[in-house]
Amino acid sequence: MNKMEGQAPSPLPDQVLENVLETVLHFLSSRRDRNAASLVCKSWYRAEALTRSELFIGNCYAVSPRRATARFPRVRSLTIKGKPRFADFDLMPLNWGAHFTPWAQALAQSYPSLRRLHLKRMSLTDRDLTLLSLSFPHFQDLLLTCCEAFTTTGLAAIAANCRLLRVLDLAECVVEVADEEVDWISSFPETQEETHLESLVFDCVECPVNFQALERLVARSPSLRKLRLNRYVSMSQLHRLMHRAPQLTHLGTGSFSASELDPEPDYASAFAASKSLVCLSGFREIWPDYLPAIYPACANLTSLNFSYADINAHQLKSVIRHCHKLQTFWVLDSISDEGLQAVAETCKDLRELRVFPVNTREEIEGPVSEVGFEAISRGCRKLQSILFFCQRMTNAAVVAMSNNCPDLVVFRLCIIGQYRPDPETLEPMDEGFGAIVMNCKKLTRLAVSGLLTDRAFGYIGTYGKLIRTLSVAFAGDTDLGLKYVLEGCPNLQKLEIRDSPFGDGALRSGLHHFYNMRFLWMSSCKLTRQACQEVARRLPHLVLEVINSEEGKADDIEILYMYRSLDRPRDDAPKVVTILH
Amino acid sequence: EEDTSYSHKEKHFFTHKPNMATILGKESGLNLKETELCLGLPGGGGVGGGGGGGGGGGSSEVETPRATGKRGFSETVDLKLNLQSKEDLNENLKNVSKEKTLLKDPAKPPAKEILEIEGDLEKYFRAQVVGWPPVRSYRKNMMAQKVSTEDVAEKTTSSTASGAFVKVSMDGAPYLRKVDLTMYKSYKDLSDALAKMFSSFTMGNYGAQGMIDFMNESKLMDLLNSSEYVPTYEDKDGDWMLVGDVPWEMFVESCKRLRIMKGSEAIGLAPRAMEKCKSRS
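Note that the structure is predicted; figures quoted are calculated from it, not measured.

Visitor: I'm lost on the overall build of chain A in this one. Help?
Guide: Looking only at helices and strands, chain A has 20 helices and 23 strands in total. Here the C-alpha radius of gyration of chain A, 26 Å, is about what a compact globule of 581 residues would show, namely 25 Å. Split into buried and exposed, the 581 residues of chain A put 60% on the buried side. A fraction of 70% describes how many contacts in chain A between residues 6 or more apart in sequence connect residues 24 or more apart. Surface exposure of chain A reaches about 23100 Å², of which carbon and sulfur atoms provide 50%. Of note, chain A has its 65 positive side-chain charges centred 8 Å away from the centre of its 68 negative side-chain charges.

In structure tokens:
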């Protein structure tokens, strides 16, 4: 931009470059690309920081709210993850942390244009939610996954104050019961002729909702596409809602269960009328006689979640034989191997399968086994992601899957009995998992189980070059096992290990890599405090949290939770947590 | 290469077992550590390393099993252990129907019951591990409440909407819970569920007691004099009573709200409850 003399001085070339850069970087959306761009030079760093509108924070303690908001001043969409996954299984103390409050305050100050917030495994209070609802006039999307510590009061604040609310998704949250129960659905302002709601997901909210208010809300939400009801919504209520919202694409059916003895409406016609349905879930208290109602929708379904539906093979077959387009299927093992075979026969397009256990006891016999597993591998060649709980599995079946399903990206096999060998050969499960890492070249996430020796970990270290997340329990023999992994897997970011005989030597072998990882979790292993202290000294940007349930047992480490951080260690830890430095 | 003195099956059964003494010690209040009831293979400790341990790198061949019974947090672990041990004991030893309540069968000293176990030790131990298998508590609880497909025939209308919902508070806990009393068949079921719900708070021996024996006055007074927690409820008349004073069905109908409070606070309720109980028998 050249100007005539006498007028305002032309912008410095650097400034022009920065403007151009900002304009270009604006189009860069991948955060990995952005991270790379920010390393080029200072002006790229600045330009990138000014143009990053979507911020992802994988560990809320890796960076302080102040630092994050200072570097990225123009964020409109924020994702924050808190507790590590093992917290889901009661392995962490209550009040461990991941409190959202300091973030809420920082965001309210720094991001007036915030539109979207996604929190996972964070602890957020009603006050936090209220602050959110009042601080961001353009707020549209709130997604809470596995969060806790808030009640329906907080939900009511969101409903009442976020006029532009588009998405309210509560997935697997623990919503506490307030002392005075709040009718949060009624808090959506009735004066608004039409809401902006596109997605309302509350299947995890464990208290009844005001149905009349819900029905009115749905009726005045023409953009609503996703509606997932909780189990306090009966079949007949579901029917009324479907009638109000035939445009739904994703439906969580609530209880799917009878509550009246009167003659009932034609449920199948409601499903037939909802021509856009592609995803069905819910079935929380399923009354199997009602299953035929969903037949009209099956042909279009790409996603079906039966993971709360205690149905048998026969009942499943009646549904699944219509589901030719199914790509995602979650189900309980009550369907047995026979049910899995039916899935394998019909669902040729299946990408993701999750089979959950009805009974988590370590029985000898379980309803699903290597038989159904292998059938799936033969029938569903496009499989990319599998989570499979079972009581027995053979190496042969796992090897078969490694050969039949080379596109696997996520392989999580949970043989419920600890240290279970292959029941046919009595061998460890090393060869099966070895085949998976060898043959599935796109694998990024792996969870192992059964009887495993160091050999299995040798395979993982040798072949699992793309693995980012690894879960280990009751496995391995010596430090070598963990060493193989830490030395062999350059992309490893999240490593969670419990009850395995890995100790100090193994820990030390990861020193070169720990700064590249999001976290390391080791519980009931063989670490000593001295070794952890040494790691803390040698890697000052690592935070090592040692969590022992009893005081005074300081030498044996029960839980080590270790992560990198740009800031000082947190000061909100409960007493059972010791932070080493 | 993989040679070991023990077959994989044995190793499978005996490695990494929680120390029996620790588990029981908490439950019964007896100090069983003295007796060192440590599960292991004959002739020494259990197998520590396993398959490659003998042939491979320099770790010791045989190690005693980990001396700690802990897999999780003391509060959660103790309560869960109490719960599961109670269930397991009842199932394995007595083949008791679900209808049985502890009122009819006042708890024997747990240690005696443990020593009576024969073939089910392995099953007992394996049920104790916290957080395994890795299924979220929400899902586990949902499954626990499910009616199995065999029971479908007994179901007339499955109703969640018209249950008997009552609020449950626990002194010191920041939140309330809600339970549907019609989901439970006995005081024991309710007690187990409550213990699970509030397991993250210190419960002491709440789980072990489970139910209060109203007929045993001295035991009752002991409990009420302690800092242990007892469940109380508000009945239709607005009176606060100790849970367990009336037959289960009557309780479901008259209970309006539950509150778990310290025994010492509940002590004022005791005389009324005892009278009610005595007048019934």
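Visitor: How should I be thinking about the overall build of chain B in this particular structure?
Guide: Helix and strand counts for chain B come out as 13 helices and 5 strands. Relative to its full complement of 281 residues, chain B shows a buried share of 51%. Long-range contacts, defined as pairs at least 24 residues apart, comprise 69% of the intrachain contacts of chain B with a sequence gap of at least 6. As displayed, chain B offers around 12900 Å² of accessible surface, 50% of which is attributable to carbon and sulfur atoms.

Visitor: Looking at this structure, I do not really get the environment of Ala156 of chain A. What am I missing?
Guide: Residues and elements named next belong to chain A. Following the sequence through the fold, Ala156 ends up in helix H7 (residues 152-161). Through-space distance from the C-alpha of Ala156 to that of Asp126 is 9.3 Å; in sequence the pair is 30 residues apart. When sequence neighbours within four positions are dropped, the list of residues in contact with Ala156 reads Val182, Trp184 and Ser187.

Visitor: Before we go on, may I ask you to explain helix H13 (residues 336-346) of chain A in this structure?
Guide: Residues three or four positions apart in an α-helix share a direction because the helix packs 3.6 residues into each turn. Residue and element names in this part refer to chain A. Counted residue by residue, H13 has 8 buried out of 11 residues, so it is predominantly covered. Ser336, Asp337, Gly339, Leu340, Ala342, Val343, Ala344 and Thr346 are the residues of H13 that are buried. Looking at the buried side of H13, the elements it contacts are helix H12 (313-320), strand E13 (328-332), strand E14 (352-356), helix H14 (370-379) and strand E15 (385-390).

Visitor: Explain the pairing of strand E20 (residues 519-523) of chain A here, please?
Guide: On a regular strand, one side chain projects to one face of the sheet and the next to the other, so that they alternate. All names here are of chain A. With 5 of 5 residues buried, E20 is to be regarded as a mostly interior element. A two-sided burial pattern is seen for E20, the buried positions comprising Phe519, Trp521 and Ser523 on one face and Leu520 and Met522 on the other. By the bridge criterion, 5 bridges tie strand E19 (residues 494-498) to E20 in an arrangement that is parallel. Along E20, the bridge assignment pairs Arg498 with Ser523.

Visitor: How should the side chain of Ser307 of chain A be read in this particular structure?
Guide: The topology assignment puts Ser307 of chain A in the loop between strand E12 (303-306) and H12. The residues contacting Ser307 of chain A, other than those within four sequence positions of it, are Trp330, Val331, Leu332 and Phe356 of chain A together with Arg139 and Met143 of chain B.

Visitor: Looking at this structure, how should I read helix H17 (residues 454-463) of chain A?
Guide: All names here are of chain A. In terms of burial, H17 is largely enclosed, as 7 of its 10 residues are buried. Among the residues of H17, Asp454, Ala456, Phe457, Gly458, Tyr459, Ile460 and Gly461 are the ones counted as buried. Its buried side turned inward, H17 meets helix H16 (430-439), strand E17 (445-447), strand E18 (469-473) and helix H18 (479-488).

Visitor: Please clarify how the nonpolar core should be interpreted in this entry.
Guide: Membership of the largest hydrophobic core comes to 182 residues, with the highest contact counts inside it found for Phe306 and Phe411 of chain A. Residues within four places of Phe306 of chain A in sequence aside, it is in contact with Phe283, Leu291, Ile294, Ile311, Leu316, Val319, Phe329, Trp330, Val331 and Leu332 of chain A. Formed by 21 residues, the second largest nonpolar core is a distinct cluster that contains Leu181, Ala193, Leu194 and Tyr229 of chain B.

Visitor: Hey, could you run me through the packing of aromatic side chains in this one?
Guide: Residue and element names in this part refer to chain A. Scanning the entire structure with this criterion turns up 27 aromatic pairs over all chains. Seen in terms of ring centroids, Phe411 and Phe433 are 6.0 Å apart; in terms of plane orientation they differ by 75°. Their pairing is edge-to-face. Of the two residues, Phe411 is situated in strand E16 (residues 410-415) and Phe433 in helix H16; the sequence distance between them amounts to 22 residues. Phe433 shares its class with Phe411; the two are buried.

Visitor: What's the story with the pattern of salt bridges in this structure? I'm lost.
Guide: A side chain of one charge can pair with a side chain of the opposite charge when the charged atoms of the two come close. All names here are of chain A. Counting across every chain of the model gives 32 salt bridges over all chains. Residue Glu48 pairs with Arg34 through a salt bridge whose shortest N-O separation is 2.7 Å. Of this pair, Glu48 sits in helix H3 (residues 42-51) while Arg34 sits in helix H2 (residues 31-38), and the two are 14 residues apart along the sequence. Owing to a relative accessible area of 0%, Glu48 belongs among the buried residues under this scheme. A salt bridge links Glu190 to Arg216, with the shortest nitrogen-to-oxygen separation between them at 2.9 Å.

Visitor: Sorry, what's going on with unusual backbone geometry here?
Guide: Glycine aside, residues mostly have negative phi, and peptide bonds are mostly found in the trans state. The omega torsion of the bond from Trp132 of chain B to Pro133 of chain B falls at -5°, within 30 degrees of zero and hence cis. For Pro133 of chain B, the position within the fold is in the loop between helix H6 (121-126) and helix H7 (137-145). A positive phi angle, close to 60°, is found at Asn95 of chain A, a residue other than glycine. Here Asn95 of chain A lies in the loop between strand E2 (77-81) and helix H5 (101-110). Relative accessible area serves as the criterion here: at 54%, Asn95 of chain A is assigned to the exposed category. Backbone geometry at Phe256 of chain A places phi at a positive 55°, although glycine is not the residue there. Mapped onto the secondary structure, Phe256 of chain A falls in the loop between strand E10 (250-253) and helix H10 (267-273).

Visitor: Any chance you could explain the packing of H14 of chain A against helix H15 (residues 395-404) of chain A here in plain terms?
Guide: How two helices sit against one another is set out by the angle between their axes and by the gap between those axes. Residues and elements named next belong to chain A. At a minimum axis distance of 9 Å, the contact between H14 and H15 shows a crossing angle of 10°. Classified by the interaxial angle, the pair formed by H14 and H15 is roughly parallel. Within the contact between the two elements, H14 uses Glu370, Phe373, Glu374, Ile376, Ser377 and Arg378 and H15 uses Ala397, Val398, Ala400, Met401 and Asn404. A breakdown of the residues in the contact of H14 with H15 according to their chemical character gives 6 nonpolar, 2 polar and 3 charged.

Visitor: For this particular structure, what's the right way to read the packing of H2 of chain A against H3 of chain A?
Guide: All names here are of chain A. The N-to-C vectors of H2 and H3 enclose an angle of 145°; their axes lie 8 Å apart at closest approach. In contact with Arg34, Ala37 and Ser38 of H2, H3 contributes Trp44, Tyr45, Glu48 and Thr51. When its residues are assigned to classes, the contact of H2 with H3 shows 3 nonpolar, 2 polar and 2 charged.

Visitor: Looking at this structure, I do not really get the environment of Ala435 of chain A. What am I missing?
Guide: Residue and element names in this part refer to chain A. Take Ala435: it is sitting in helix H16. Along the backbone, Ala435 and Arg74 are 361 residues apart, and their C-alpha atoms lie at a distance of 47 Å. Look past the residues within four positions of Ala435 in its chain and what remains in contact with it is Val399, Ser402 and Cys440.

Visitor: Help me out: how do you make sense of the confidence of the model for chain B in this one?
Guide: Where the model shows low pLDDT, its predicted coordinates should not be examined in detail. Residues and elements named next belong to chain B. On average, residues of chain B score 55 in pLDDT, and 32% of them reach the 70 mark or higher. By mean pLDDT, the top-scoring element of chain B is helix H11 (residues 248-254) (89), and the lowest-scoring one is helix H3 (residues 51-55) (30). Across residues 122-127, confidence stays below pLDDT 50; counting only partners more than four residues off in sequence or on other chains, it has 22 contacts. Scored as a complex, the prediction yields pTM 0.73 and ipTM 0.89.

Visitor: In this structure, what is going on with the environment of Pro292 of chain A? I would like to understand it.
Guide: Residue and element names in this part refer to chain A. The residue Pro292 is located in the loop between strand E11 (279-281) and helix H11 (295-298) in this model. Owing to a relative accessible area of 38%, Pro292 belongs among the partly exposed residues under this scheme. Taking C-alpha positions, Pro292 is 8.9 Å from Tyr267, a pair spaced 25 residues apart along the chain.

Calculation rules
Just so you know, the residues in each chain are numbered from 1, in the order the chain's sequence is written. Chains and ligands are labelled sequentially in the order written, the chains with letters from A and the ligands with numbers from 1. pLDDT decides what is reported in this predicted model: residues at 70 or higher carry local features, side-chain atom pairs at 80 or more are listed and counted, and totals for whole chains, interfaces and linings draw on all residues regardless. Just so you know, side-chain values use all the structure's heavy atoms and leave hydrogens and water out. Each helix is a run of H or I in the DSSP string that is no shorter than four residues. Each strand is a run of E no shorter than two, and both are numbered from the N terminus. Computation of the radius of gyration draws on C-alpha atoms, with the globule rule given as 2.2 Å multiplied by the number of residues to the power 0.38. When accessible area is computed with a 1.4 Å probe and restricted to protein chains, residues below 20% of their type maximum are described as buried, those above 50% as exposed, and intermediate ones as partly exposed. Working rule for contacts: check all heavy atoms of both residues, and any pair within 4.5 Å makes them a contact. Note on areas: Shrake-Rupley, 1.4 Å probe, and residue coverage restricted to the protein chains presented here. Note that His is not counted, nor are the chain ends; the positive residues are Lys and Arg, and the negative ones are Asp and Glu. Taken as the charge location is NZ of Lys, CZ of Arg, CG of Asp or CD of Glu. Here the rule is simple: two strands pair whenever DSSP picks up at least two bridges between them. Buried residues of nine kinds, namely Ala, Val, Leu, Ile, Met, Phe, Trp, Tyr and Cys, make up a nonpolar core once their side-chain atoms join them within 4.5 Å. Only Phe, Tyr and Trp rings take part, Trp by its six-membered ring, and two of them pair if their centres are within 6.5 Å. Stacked means planes under 30 degrees apart, edge-to-face means over 60, and tilted covers everything else. The term salt bridge refers to a pairing of a side-chain nitrogen on Lys or Arg with a carboxyl oxygen on Asp or Glu at a separation within 4 Å. In this analysis an axis means a line fitted to C-alpha atoms, helices contributing only their contacting stretch, and an angle means the value between N-to-C directions, from 0 to 180 degrees. Every angle not falling under 35 degrees, over 145, or within 65 to 115 is termed oblique; those three ranges are roughly parallel, roughly antiparallel and roughly perpendicular. Amino acid classes used here: Ala, Val, Leu, Ile, Met, Phe, Trp, Tyr, Cys and Pro are nonpolar; Asp, Glu, Lys and Arg are charged; the rest, including Gly, are polar. The score called pLDDT rates the predictor's confidence residue by residue, from a low of 0 to a high of 100.

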